[in-house]
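Chain residues, written in single-letter form:
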Amino acid sequence: DTSHMSQDEVILKTESIIRGNIMEHATQDIHETIDMEHVIASSMDELQPGKIIEGEIVSIDNDYVYINVGQKSDGRIPIKEFDQNPDLGEKINVVLMTKRLAEGMFQFSVKEAKELHGWQEFNTWYENQSDNIIYGKVATSTKKGKLVDCGSIRAFLPFSHAADLKGSETTKEEYPFLIIGVDKKKRSVLLSRKEYLDEVQKEKWQQFIDTYKVYLS
C-alpha cells in the first residue's frame, strides 16, 4: 500500500523492488551456469581420453553419428569413420578424443577404439610369446616399405627387410616375419622378413650339421 507515501518515496520503493528482482534473476542465472558447469565437470571426471567405453547410437545425420555413453552429455563421431552405415540403437565401442566440448558435445572416435583394442590384444600376445615371430599378409605398399596386416594390428616392413616379398604389392596368404622393434608410445611394430629367413637358414644348417656330424668329423 503506497497511499500514505509521497511521490519520491513511491519511486524509491519501486526502484528497490526492481533492483531486487534483477538481482534475484541474476543470482538464479549464475546458479544455473554453475550447475551446468558442475554437470559437465562431473561427466569429464568419468570420461577420460584414451579409454574404450561403450555407447549407444541415438541419432544420425549427414556428417555425424550421435551416441549416448550413459553420461550427462551425448557425443558425436564423424560418419566417415564408419565403413558402412550404422543402425540406430546399435551399441559400439568408442574413445573420447579430447576433454574440450565442440558445440556442446564430446568428440568420440570409433576408429581409435578399434585401433586401441587391436593394440591391447597385440600387447597381451607379445608379452606372452618367446620367439618374436608373427604372421601377416602384405596389405599395401608405401614409398619406404609395406604395411602388413597381422590381424589385430598393422605393422611396417621396410623394403630393406622385405626379402622375397619386396616385389609383392599385396599377398593373399600369410607369411611369417620376425618382430625387430616395438614402440608402445607410437603403437608401431617393425618387421623383418629377411631376418626371419636368415634365422630359418641358420636352423636348417645347424640341423644338417647335427645330422651328418659323424660323417663330417
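Keep in mind that this is a model prediction, so the values were computed, not measured. (Residues numbered from 1 in each chain as written. Predicted model: local features only at pLDDT ≥ 70, side-chain atom pairs only at ≥ 80, totals over all residues. Heavy atoms only, no water.)

Caption draft 1: Geometry of the nonpolar core. Grouped together as the largest cluster of nonpolar side chains are 16 residues, with contacts concentrated most on Phe122, Ile134, Cys150, Phe177, Val189 and Leu191. At the level of elements, helix H2 (110-126), strand S6 (133-141), strand S8 (154-158), strand S9 (175-183) and strand S10 (188-192) are the ones that each hand at least two residues to this core. Per-element accounting of this core gives the leading share, three residues, to S9. Apart from residues lying up to four places away in sequence, Ile134 is in contact with Phe122, Trp125, Cys150, Tyr175, Pro176, Phe177, Ile179 and Leu191. Judged by nonpolar contacts, the second largest core, of 13 residues, contains Val65, Val69, Ile92 and Leu96. (Core = buried A, V, L, I, M, F, W, Y, C linked by side-chain atoms within 4.5 Å. Buried < 20%, exposed > 50% of the residue type's maximum accessible area, 1.4 Å probe, protein only. Helix = DSSP H or I, 4+ residues; strand = E, 2+ residues; numbered from the N terminus. Contact = heavy atoms within 4.5 Å.)

Caption draft 2: Representation of the sheet that holds strand S3 (residues 75-78). In space, the five strands of this closed barrel follow the order S1-S2-S3-S5-S4, with mixed pairing throughout. On average, each strand axis in the sheet is tilted by 55 degrees relative to the strand beside it, whichever way the strands run. Contacting strand S1 (52-60), S3, strand S4 (91-102) and strand S5 (105-109), H2 crosses the sheet at an angle of about 115 degrees to S4. (Pairing = 2+ DSSP bridges. Axes fitted to C-alpha atoms, helices over the stretch in contact; angles between N-to-C directions.)

Caption draft 3: Fine view of H2. For H2, with 17 residues, the first-to-last C-alpha span of 24 Å sits near the 24 Å given by 1.5 Å per residue. Those residues of H2 that sit buried are Val110, Glu112, Ala113, Leu116, Gly118, Trp119, Phe122 and Asn123. Between the side-chain oxygen of the N-cap and the backbone nitrogen of Lys111 there are 3.4 Å, and the N-cap of H2 in question is Ser109. (Expected span 1.5 Å × (residues − 1). Polar contact = N/O pair within 3.5 Å; in protein donor to acceptor, adjacent residues only side chain to side chain.)

Caption draft 4: A look at the pairing of strand S7 (residues 145-149). In terms of strand pairing, S6 meets S7 through four bridges, oriented antiparallel. Bridging from a neighbouring strand, Thr140 pairs with Leu147 of S7. Between the antiparallel neighbours S6 and S7 lie three residues. Across five bridges, S7 lies against S8 in antiparallel orientation. Following the sheet pairing, Leu147 is matched in S8 by Phe156. What sits between S7 and S8 in their antiparallel hairpin is a turn of four residues, with Gly151 showing a positive phi close to 90 degrees.

Caption draft 5: Representation of the environment of Ser188 within the structure. Looking at the secondary structure, you find Ser188 in strand S10. Aside from chain neighbours lying at most four places away, what touches Ser188 is Trp119, Gly181, Val182 and Asp183.

Caption draft 6: A look at the side chain of Lys146. Along the chain, Lys146 turns up in strand S7. Separated by 2.6 Å, the side chain of Lys146 and the backbone oxygen of Ser168 make a polar contact. When residues no more than four places from it in sequence are discounted, the contact partners of Lys146 are Val138, Thr140, Ser141, Ala155, Phe156, Leu157, Phe159, Leu165, Lys166, Ser168 and Glu169.

Caption draft 7: Inspection of unusual backbone geometry at higher detail. With phi around 50 degrees, Ala163 is a residue other than glycine that occupies positive phi space. You can see Ala163 is positioned in the loop between S8 and S9. We classify Ala163 as partly exposed; its relative accessible area is 35%. Positioned with a positive phi, Arg187 is a non-glycine residue whose angle comes to about 55 degrees.

Caption draft 8: Examining the packing of aromatic side chains more closely. With the rule as written, the count across this model stands at seven aromatic pairs. Seen in terms of ring centroids, Phe122 and Tyr126 are 5.5 Å apart; in terms of plane orientation they differ by 15 degrees. Their pairing is stacked. Here Tyr126 and Phe122 lie together in helix H2, a separation of four residues that amounts to about one turn. Note on Phe122: relative accessible area 2%, which makes it buried. (Phe/Tyr/Trp six-rings, centres within 6.5 Å; stacked < 30°, edge-to-face > 60°.)

Caption draft 9: Layout of the pattern of salt bridges. A full pass over the atoms with the stated rule returns five salt bridges. For Arg193, the salt bridge identified is with Asp164, shortest N-O distance 2.9 Å. Of this pair, Arg193 sits in helix H3 (residues 193-216) while Asp164 is found in the loop between S8 and S9, placing the two residues 29 residues apart along the sequence. (Salt bridge = Lys/Arg side-chain N within 4 Å of Asp/Glu carboxyl O.)

Caption draft 10: Spotlight on the pairing of S10. Relative to S10, S9 is paired through five bridges, and the arrangement is antiparallel. The residue bridging Leu178 from the neighbouring strand is Ser192, located in S10. Here S9 folds back onto S10, and the loop between the two strands holds four residues, one of which, Arg187, carries a positive phi near 55 degrees.

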